Amino acid sequence: MNHKPEKARTIMQKLIIIRRKWLMLVLVAVFVVAGVYLSWFAQVVDNEYARYLPDTTVATVNLLHLARMSAAFPDTPLGHFFSKENMHAVIKDLGGSRQDQQEYDRMANTAAAVFSTPSIRAVFGHDLTLALVPPSDQGSPSAFVPVFRQSLVVLARTTVAGALDLFSRIVKTEGLSREEVDGLELVRVEFEPGQVLYGYTEGKMLFLAYNPDTIKRCLLAADKEGRPLAQSSPFIRVLGLWHRVAQEQSFLRVFVNPVHLRAFMQNIPALVPSAPLLAGVRDFSLLSYADKHSLETGAQATYEYQKLHPLLQSAVDSASSPNQSLRLLENSTLAYGWSSSLRPELIEHILHTNNLDPEQVDARLRAQFGFDLATLHRALGPQYGFILDDMVRAALFPAPKMSFFASLRDKAAAVNMVKGLRQAMKTNELIHEQQEQIHGVSVFSWPLLADKDAQPALALIDSLLLLSTSKAGMVSRLQAARQPPGLNSDVATQLGEELSMRLSSANSSALLVYPQKMAPKIRPTLHWLGGILSSTRNISLTRINQALFKLMESSPLVLATVNLDQHQATWTLSLQQAAQAAPEKH
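## Quick word on the overall build of the protein chain
Next, step 1: Scanning the protein chain from terminus to terminus reveals 21 helices and 20 strands.
Next, step 2: Residues counted as buried form 43% of the 586 residues belonging to the protein chain.
Next, step 3: A sequence separation of at least 24 residues applies to 64% of the contacts in the protein chain between residues at least 6 apart.
Next, step 4: Carbon and sulfur atoms make up 59% of the accessible area of the protein chain, which amounts to about 32,200 Å² in all.

Shown next as structure tokens:
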């Protein structure tokens, strides 16, 4: 039997299998290389402005899709609020003149013209970036405005060729000319005596700056031997945050180099005292984008803990304990604020900033309440906050139904503080303390007026000091305090899984507001205030109140959170939008 043909077929089959394997490997390699190339290319186009900025850039503010955003703005609740029709009525109600209305029209027309004009949209409507690039020679310290002006540069990625010529036609001024500076032919625009702006184009990138040297430095950064911002480590680090969201959804991206910002601040005397607070911070980035039914903002800063300013180290240290007040929230809550920043270092910093002598403050506390700052530091913190439940109409005026709280460091010291406060209230013969047991807790209250909503009440529980504006508010807080730690199920359901998790996991601060739910609650208060102003100053708040209510009704909730750890700080902000009613069919 001749096995050669069979052997030959076997060899051919093996060769085909090997060839297929190699072909698959080659195809995979091609796709990988192409994917890397395309992703790299997309990144370059996405942040093309960073190729034209030097690595010494202090900060950038990148605005995306401005033309699309400006076209949609008039139909938004905020657009309705600032419409000419509404603002004319507001100005009239507030006692403004026809000249004031015309002045508003002039500003509104200027703003609207910026992106309603097709030529301006073509130049600036795609991708606009404002950047701070300090001059190579910063000179002697100066005021903020001159230094800022000399450092500012605007970069626009346009959709048309010849953008500078188009810009020249847009800017209608007799002070328009061309000027050569260090071999660059720039357009020179003099808006008013001494106020000169320079322009230059490189392909479809337009540069505008007060200082022509800034434009030159941007062009040098894009050269082969340049050191562009796009290749700097701080900028590369922030791309991770930005690329979590598709570019089509994003409308604002911010980058800050804290090291360069600190050096920049040293040249402005008014900012010098704040510069040390940036010690140890490596980078900062922010991203704002549109989600399905909300506007979202996320930000983060990375740092080296050991090099941080002591005030910031203290903030990081105090952010380690869980939020003890979440169980106090109820479905009736209109607003809630919480922070873990009640620290001795912060109080001392506030006293120093406001030129208050700690010894004098100590003396006042001892004289009035029988305890000093050291007792306050030892008794309370680091957590504190407030809960707003309602706006009620008291006998004489509207009053908030709200509670304040602070966590306890040392309950014995807190008991001594409460004794001091009670003793101070007893010195007023018109105020008589009431004491009763509510849910097994001693509650102290003081009827300031013959009204149940104007009777502040105070109580100490295991982990919190509670102060409410009324006894009814205290009863509600104590009932909620009996619940297990964390958000109750009704509040969690109302927020939704993602926001509940975000609020529960915040370890530094949180702010929760329900504007839509708050609007009808504050309406009587604003009407009351409007009535007083109308009778005493001939001012009406009717139209501005109506516009404010509509704006509040457009947002079910706002949630902001801050988290700190040993390596980074993260911020989030969610602004939910009410679902728009479908247009009626005719």
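## Let's talk about the pattern of salt bridges
Next, step 1: Enumeration according to the criterion identifies 17 salt bridges in this entry.
Next, step 2: When the shortest N-O distance is used, the salt bridge between arginine 477 and glutamate 330 registers 2.9 Å. Taken together, the positions of arginine 477 in helix H17 (residues 471–481) and glutamate 330 in the loop between helix H12 (310–317) and strand S11 (335–339) put the pair 147 residues apart, joining distant regions of the chain.
Next, step 3: Here arginine 422 makes a salt bridge to glutamate 433, at a shortest N to O gap of 2.9 Å. You can see arginine 422 sitting in helix H16 (residues 411–426) and its partner glutamate 433 sitting in the loop between H16 and strand S14 (434–438), a full 11 residues away along the chain.
Next, step 4: When its relative accessible area of 19% is taken as the criterion, arginine 422 is described as buried.
Next, step 5: Note on glutamate 433: relative accessible area 26%, which makes it partly exposed.

## Comments concerning unusual backbone geometry
Next, step 1: Cis geometry marks the peptide bond from glycine 381 to proline 382, where omega comes out at 0 degrees.
Next, step 2: Positive phi values are uncommon outside glycine, yet aspartate 182 reaches one of about 50 degrees.
Next, step 3: For aspartate 182, the position within the fold is in the loop between strand S4 (176–181) and strand S5 (184–192).
Next, step 4: Within the chain, asparagine 355 stands out as a residue other than glycine whose phi angle is a positive 55 degrees.
Next, step 5: With respect to the helices and strands, asparagine 355 occurs in the loop between helix H13 (344–353) and helix H14 (358–369).
Next, step 6: Exposure remark for asparagine 355: the relative accessible area of 72% places this residue in the exposed category.

## Brief notes about H12
Next, step 1: Restricting attention to buried positions, one finds in H12 the residues Leu311, Gln313, Ser314, Ala315 and Val316.
Next, step 2: Summarising the contacts, the buried residues of H12 are in contact with strand S10 (294–303), H13 and strand S19 (558–564).

## Some remarks on the packing of helix H4 (residues 84–93) against helix H21 (residues 542–553)
Next, step 1: Contact geometry of H4 with H21 gives a least axis separation of 7 Å together with a crossing angle of 140 degrees. By the angle class used here, H4 and H21 are oblique. Contacts between H4 and H21 involve Glu85, Asn86, Ala89, Val90 and Asp93 on the former and, on the latter, Thr542, Arg543, Ile544 and Ala547.
Next, step 2: Each residue belonging to the contact of H4 with H21 can be placed in one class, and the counts come to four nonpolar, two polar and three charged.

## Here's the deal with the packing of aromatic side chains
Next, step 1: If you walk through the whole model with that rule in mind, you get nine aromatic pairs.
Next, step 2: Aromatic side chains tyrosine 49 and phenylalanine 235 sit 6.4 Å apart centroid to centroid with 90 degrees between the ring planes, which places their arrangement in the edge-to-face category. Placement of the pair is tyrosine 49 in the loop between helix H1 (4–46) and strand S1 (59–64) and phenylalanine 235 in helix H10 (residues 233–242), with a sequence separation of 186 residues.
Next, step 3: Ring centres of phenylalanine 144 and phenylalanine 148 lie 5.5 Å apart, and the angle between their planes is 25 degrees; on these two criteria the pair is classed as stacked. One end of the pair, phenylalanine 144, and the other, phenylalanine 148, are both in helix H7 (residues 144–151), four residues apart, so they sit about a helical turn from each other.

## A closer look at helix H9 (residues 212–221)
Next, step 1: Buried residues dominate H9, accounting for seven of its 10 residues.
Next, step 2: Among the residues of H9, those classed as buried are Pro212, Thr214, Ile215, Arg217, Cys218, Leu219 and Ala221.
Next, step 3: In this structure asparagine 211 caps H9, since a side-chain oxygen of it lies 3.1 Å from the backbone nitrogen of aspartate 213.

Conventions used here
Residues take numbers from 1 onward in each chain, read along the sequence in its written order. Given that this is a predicted model, residues contribute local features only at a pLDDT of at least 70 and side-chain atom pairs are listed and counted only at 80 or more, while totals for whole chains, interfaces and linings are drawn from all residues. Side-chain measures here rest on the full set of heavy atoms in the structure, leaving out hydrogens and waters. Each helix is a run of DSSP H or I of at least 4 residues and each strand a run of E of at least 2, with the numbering of both proceeding from the N terminus. Residue exposure (1.4 Å probe, protein chains only): buried if accessible area is under 20% of the type maximum, exposed if over 50%, otherwise partly exposed. Whether two residues touch is decided by their heavy atoms; if any such pair falls within 4.5 Å, the residues are in contact. Values of accessible area rely on a 1.4 Å probe in the Shrake-Rupley scheme; residue burial ignores everything except the protein chains shown. Any Lys or Arg side-chain nitrogen found within 4 Å of a carboxyl oxygen on Asp or Glu counts as a salt bridge. Think of each axis as a best-fit line through the C-alpha atoms, taken over the contacting stretch in the case of a helix, with angles from 0 to 180 degrees between the N-to-C directions. Orientation labels follow simple angle bins: below 35 degrees gives roughly parallel, above 145 gives roughly antiparallel, 65 to 115 gives roughly perpendicular, and whatever is left gives oblique. Polar here means any residue outside two lists: the nonpolar Ala, Val, Leu, Ile, Met, Phe, Trp, Tyr, Cys and Pro, and the charged Asp, Glu, Lys and Arg; Gly therefore counts as polar. Each pair of aromatic rings taken from Phe, Tyr and Trp, with Trp reduced to its six-membered ring, is defined by centres within 6.5 Å and is described as stacked if the planes are under 30 degrees apart, edge-to-face if over 60, and tilted in the remaining cases. Between N or O atoms, a polar contact is any pair within 3.5 Å; within protein, one atom must be a potential hydrogen donor and the other a potential acceptor, and residues adjacent in sequence are included only when both atoms are from side chains.

Keep in mind these values describe shape, not function.
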